[in-house]
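Survey of secondary and tertiary structure
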Amino acid sequence: MQLSNVSSHRGAPMGRTQSHDAADTASAPRRFYLERVRLNNGGYDAGGAYWGIGAPLYRAYSDTSANGKENLPRVETYSRARSRDDAKSEVRKAYPAAQFFR
């Protein structure tokens, strides 16, 4: 999924807005897409958001169904992690039943 352009005449925002689910549905089984967000040498993503330099940045966003049976709000979250497996662990802290497409 391509990142939206967030830069403006006032500059770039620090990071991006994250959308989290209510605590009562956070334990529902959810399928997430997980991708590494590439940053340029200045710490900006392709859409112009500033993240700084550091550990790799990962973006996780959910499918809107729990095992294809019920509609749930879409979740999008970002985390710094040394590896893809570490990024999955970060997502599972908030969404214990998280599964990943790839």
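Here, every reference points to the structure presented above.
Below: a short report on this structure. (Residues numbered from 1 in each chain as written. Predicted model: local features only at pLDDT ≥ 70, side-chain atom pairs only at ≥ 80, totals over all residues. Heavy atoms only, no water.)

A look at the overall build of the protein
Counting its secondary structure elements, the protein contains one helix and six strands. Starting at the N terminus and ending at the C terminus, the protein contains elements arranged as β-β-β-β-β-α-β. Scored against the burial criterion, the 102 residues of the protein give a buried share of 39%. Of the roughly 6,200 Å² of accessible surface on the protein, a fraction of 47% belongs to carbon and sulfur atoms. (Helix = DSSP H or I, 4+ residues; strand = E, 2+ residues; numbered from the N terminus. Buried < 20%, exposed > 50% of the residue type's maximum accessible area, 1.4 Å probe, protein only. Areas by Shrake-Rupley, 256 points an atom, 1.4 Å probe, with all protein chains shown as cover.)

Some thoughts on the side chain of R59
Topologically, R59 is positioned in strand β2 (residues 57-62). Residue R59 is classed as buried on the basis of its relative accessible area, which comes to 3%.

Description of the nonpolar core
Judged by nonpolar contacts, A26, F32, L34, Y58, A60, V75, A81, A87, V91, Y95, A98 and F100 together constitute the single largest core of 12 residues. Breaking this core down by element, the ones donating at least two residues are β1 (30-37), β2, α1 (84-94) and β6 (98-100). In terms of nonpolar packing, the next biggest core, distinct from the first, is built from five residues, V37, A49, L57 and Y78 among them. (Core = buried A, V, L, I, M, F, W, Y, C linked by side-chain atoms within 4.5 Å.)

Brief notes about the environment of A81
Summarising the element assignment, A81 is placed in the loop between β5 (76-80) and α1. For the pair A81 and L57, spaced 24 residues apart in sequence, the C-alpha separation works out to 6.4 Å. Each residue touching A81, except ones within four places of it in the same chain, is listed here: A55, P56, Y58, D86 and A87. (Contact = heavy atoms within 4.5 Å.)

Things to note about the packing of aromatic side chains
This structure, assessed with the given rule, holds six aromatic pairs. Members of the aromatic cluster, joined through ring pairs, are F32, Y95 and F100. (Phe/Tyr/Trp six-rings, centres within 6.5 Å; stacked < 30°, edge-to-face > 60°.)

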